[in-house]
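# Report on the structure
So you can see what is in the structure, the chains are spelled out below.
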Amino acid sequence: MSKIIKRIKTELFYLKRLIEEGYGPSYWRAYFKNRFFGNYLFTYLPRYDYVADPDLEMHTICSRHGQGLWMFAWMLTSFLFHSKLRPVVIIHDDGTIDKDTEKLIQSKFPNTKVMFRDETTKRILEMPDIPEIIKRSRLECHFFFDKLTNALLFSKAKKLIVSDSDILYYGEPTEVVDFVLGRSDCDAMAQRHIGDDIDFILRMDDYYTNKYDLRDNKVALLNGGYLIIDKDKFSIDQLAEYLTHTERPLNDYFIEMEGWTCLFAQVDYKFLSTDRYAIKGLLNNNMVMKHYTSPRRYEMFAYGIDMARKSMR
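Scope of this entry: the structure provided in the associated data block.

### What about the pairing of strand β7 (residues 222-230)?
For β7, the tally of buried residues reaches nine of nine residues, placing the bulk of the element in the interior. Examined bridge by bridge, strand β4 (residues 159-163) and β7 share five bridges and lie antiparallel to one another. Among the inter-strand pairings, Ser163 is bridged to a residue of β7, identified as Tyr226. With four bridges joining them, strand β6 (residues 188-192) and β7 adopt antiparallel strand pairing. Counted as the bridge partner of Arg192 is Leu222 from β7.

### A short note on the packing of aromatic side chains
The final tally for this structure, using the stated rule, is 29 aromatic pairs. Ring plane angle 20° and centroid distance 6.3 Å describe the contact between Tyr23 and Tyr303, whose orientation is recorded as stacked. Here Tyr303 lies in helix α13 (residues 297-311) and Tyr23 lies in the loop between α1 (2-20) and α2 (25-36), a separation of 280 residues in the sequence. The residues Tyr23 and Tyr303 share a single accessibility class, namely buried.

### Things to note about the sheet that holds strand β8 (residues 269-271)
With mixed pairing, the seven strands of this open sheet are ordered in space as β3-β2-β1-β4-β7-β6-β8. Of all the strands in the sheet, the pair left with one neighbour each is β3 (112-115) and β8. Mean inter-strand twist for the sheet, computed between neighbouring axes without regard to direction, equals 20°. Lying over the sheet, helix α12 (residues 255-264) contacts β4, β6, β7 and β8, oriented at roughly 45° with respect to β7.

### A word on the side chain of Glu102
With respect to the helices, strands and loops of the structure, Glu102 is situated in helix α5 (residues 99-108). For the buried Glu102, no salt bridge is present, and the opposite-charge side chain at shortest range is Lys99, 4.1 Å distant.

### A word on the nonpolar core
Residues Phe42, Phe72, Ile161, Leu168, Tyr226 and Ile228 are the most contacted members of the largest nonpolar core, which totals 54 residues. Secondary-structure elements contributing two or more residues to this core are α1, β1 (53-62), α4 (68-83), β2 (87-93), β5 (167-169), α9 (174-180), β7 and α13. At ten residues, the largest contribution of residues to this core is made by α4. Filtering out sequence-adjacent residues up to four positions away, Tyr226 remains in contact with Ile161, Val162, Ser163, Ile167, Tyr169, Val176, Met189, Ala190, Gln191, Leu272, Tyr277 and Met289. Among the nonpolar cores identified, the runner-up in size contains 46 residues, and Ile134, Phe145, Val162 and Ile229 belong to it.

### As for the sheet that holds strand β10 (residues 289-291)
Spatial strand order, β5-β10-β9: three strands in an open sheet with mixed pairing. The strands lining the two open edges of the sheet, one partner per strand, are β5 and β9 (277-278). Sheet analysis places β9 next to β10, joined by two bridges and oriented parallel. Looking at the pairing, Tyr277 lines up with Met289 of β10. Here α13 sits on the sheet and contacts β5 and β10; the angle it forms with β5, its principal contact strand, is near 30°.

### Comments concerning the pattern of salt bridges
In this structure the tally under the stated criterion is 22 salt bridges. Two residues, Glu256 and Lys147, come together in a salt bridge whose shortest N-O distance is 2.8 Å. Taken as a pair, Glu256 in helix α12 and Lys147 in helix α8 (residues 144-154) lie far apart in primary sequence, 109 residues in all. An identical accessibility class is assigned to Glu256 and Lys147; each is buried. Several salt bridges share partner residues, and in doing so they unite Lys16, Arg17, Glu20 and Glu21 into one network.

Here is what the cut-offs are and how they apply
Residues numbered from 1 in each chain as written. Predicted model: local features only at pLDDT ≥ 70, side-chain atom pairs only at ≥ 80, totals over all residues. Heavy atoms only, no water. Buried < 20%, exposed > 50% of the residue type's maximum accessible area, 1.4 Å probe, protein only. Helix = DSSP H or I, 4+ residues; strand = E, 2+ residues; numbered from the N terminus. Pairing = 2+ DSSP bridges. Phe/Tyr/Trp six-rings, centres within 6.5 Å; stacked < 30°, edge-to-face > 60°. Axes fitted to C-alpha atoms, helices over the stretch in contact; angles between N-to-C directions. Contact = heavy atoms within 4.5 Å. Lys, Arg positive; Asp, Glu negative; His and termini not counted. Salt bridge = Lys/Arg side-chain N within 4 Å of Asp/Glu carboxyl O. Core = buried A, V, L, I, M, F, W, Y, C linked by side-chain atoms within 4.5 Å.

Here you go:
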């Protein structure tokens, strides 16, 4: 019952925001199509096949509920179209993906693999060289943290794009392409929050905070929903050290973002332009990518997906 009430509250919030911001009839039509019929429309998408680059992986989480398949489809399709990159795509199971859903996804995107939580957890627990704290975290952590742990433990690629599925592309992400092709002078890149006021509190102990100078590091501006990394610069030992010193509960919603933030603090990272890789603000010609985070998800359905489709014509 609590899940139903939560869904009703979410829908009412989105509808309220549409009315408050003056979205007219054309937006309402797009909203209801994308919000309530997307997963049905997913079944009619054409097959998008290509020869994948084994040195590039895109890691994401996709839900079978809430039009998650539809969001994933347009995140991936718009990325493939505008970047011309060809990653192996890894979906980390959020608990709603089953084998039938995996087959449906692979019928449209053959280069996609699903990492099921039960299967990967069993593999991790059986790996002899993995620190015990990582094994314990897997049994207790929020499923978002799987994306970080799985990427470091199982990925075979040199470059990784770690992306939420509520992201759409509208132009060539040249900074991302340059990084993947080895034309950048940093170890990692990330989307960042707007402004310099850090409102995400890292709950690390004093030893770790002082060791990596976290109080004066702008790394806490990182948004964990969009990262690009050189995997060779990140290690299992870094992950184990983070878990040893965090004071955040492992089942906390923000455990993954804090983990990536602490790992980024140890490498040469850069933030992507907030004008080109946007979170807030209406879509404009300067944006090559927009992240429709939960408070702005209604924008993705009202115009984001349809505009992404239009940009690909």
